[in-house]
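Each chain, written out:
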Amino acid sequence: MISKSFEIKDYAIDNSLINGFWMILVDRETLTTEILYSPLEGDSFDAARTKRMISEITGKCDHFSSLLPENISCAVTFKELDGLTYVAGSGNFNVDAGEMDEIRVIYRLHVEYHI
């Protein structure tokens, strides 16, 4: 059962705004958190800022995973990148993404039972 979640401040990334934050307990094994990141300044993330944001988002997933028991996995899906998913601990995540107006992601914490 998932008994730990993270606060909105845990998802914050420097030089960006959180313009949407939805947590859904799908079932007792799965918690999803949808975040909408927008640029703090300007109308969009340029290609370099997009790359940095993707790196920081995957880093957050790795960080969350490090704070949780081994049987809870963390993954993050990038909605604007055709649902491309990063699984915590899977290493370097290289994505060729250009300018983006916003970055919408879904963090997924899932309990895996080992019998």
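Refer to the preceding data block for the structure.
A short tour of the structure in this document, coming up.

Cut-offs and rules
Residue positions are counted from 1 within each chain, in the order its sequence is given. With the structure being a predicted model, the display of local features is reserved for residues of pLDDT at least 70 and the display and counting of side-chain atom pairs for 80 or more, all residues being used for whole-chain, interface and lining totals. With hydrogens and water set aside, each side-chain value is computed from the structure's full complement of heavy atoms. By this definition, two strands are paired if DSSP reports at least two bridges between them. Secondary structure elements are taken from DSSP: a helix is a run of H or I of four residues or more, a strand is a run of E of two residues or more, and numbering for both begins at the N terminus. Orientation is described by lines fitted to C-alpha atoms, with helices fitted over the stretch in contact, and by angles between N-to-C directions that extend from 0 to 180 degrees. Whether two residues touch is decided by their heavy atoms; if any such pair falls within 4.5 Å, the residues are in contact. Computed over the protein atoms alone on a 1 Å grid, cavities are sets of points where a 1.4 Å probe fits but cannot get out and pockets are open sets with protein on both sides within 12 Å along at least five of seven lines; a residue lines them when it has an atom within 4 Å of a point. Grid points are joined across faces, edges and corners, and a volume is the space filled by probe spheres set on the points. Note that Gly is not counted as nonpolar here; it falls among the polar residues with everything else outside the nonpolar set of Ala, Val, Leu, Ile, Met, Phe, Trp, Tyr, Cys and Pro and the charged set of Asp, Glu, Lys and Arg. Centre distance within 6.5 Å is the pairing criterion for rings of Phe, Tyr and Trp, where only the six-membered ring of Trp is used; planes under 30 degrees apart are then read as stacked, over 60 as edge-to-face, and the remainder as tilted. The rule is simple: take the accessible area with a 1.4 Å probe, protein chains only, and divide by the maximum for that residue type; under 20% is buried, over 50% is exposed, in between is partly exposed.

What follows covers the sheet that holds strand β3 (residues 72–78). Reading across from one edge, β1-β2-β5-β3-β4 is the order of the 5 strands in this open sheet, with antiparallel pairing throughout. Sheet topology places β1 (16–27) and β4 (84–87) at the edges, where each strand pairs with a single neighbour. Strand-to-strand twist of the sheet, defined as the mean angle between neighbouring strand axes without regard to direction, takes the value 20°. Here strand β2 (residues 30–39) pairs with strand β5 (residues 103–111) via 8 bridges, running antiparallel. When the bridges of β5 are listed, Ile35 appears paired with Val105. Contacting β1, β2, β3, β4 and β5, helix α2 (residues 47–67) runs over the sheet at an angle of about 165° to β3.

Before going further, it helps to examine the layout of surface pockets. Looking at the largest pocket, its volume works out to about 190 Å³. For the largest pocket, the lining is made up of 13 residues, of which Lys51, Ile54, Phe93, Asn94 and Val95 are closest to its centre. Sort the elements by how many residues they give to the lining of the largest pocket and α2 lands first, with 5 residues. Its residues assigned to classes, the lining of the largest pocket shows 6 nonpolar, 5 polar and 2 charged.

A few words now on the packing of aromatic side chains. Per the counting criterion, the structure on display carries 7 aromatic pairs. Aromatic pair Tyr11 and Phe21: ring centres 5.7 Å apart, planes at 65°, arrangement edge-to-face. Residue Tyr11 is located in helix α1 (residues 8–11), and its partner Phe21 is located in strand β1; the two are separated by 10 residues in the primary sequence. Among the residues examined, Tyr11 registers a relative accessible area of 1% and is labelled buried. Residue classification places Phe21 among the partly exposed residues on the basis of a relative accessible area of 27%. Where Tyr11 meets Phe64, the ring centres are 5.1 Å apart and the plane angle is 70°; that geometry is what we call edge-to-face. Linking Tyr11 in helix α1 with Phe64 in helix α2, this pair joins segments that are 53 residues apart in sequence. An aromatic cluster is present here, built from Phe6, Tyr11, Phe21, Phe64 and Tyr107 joined pairwise through their rings.

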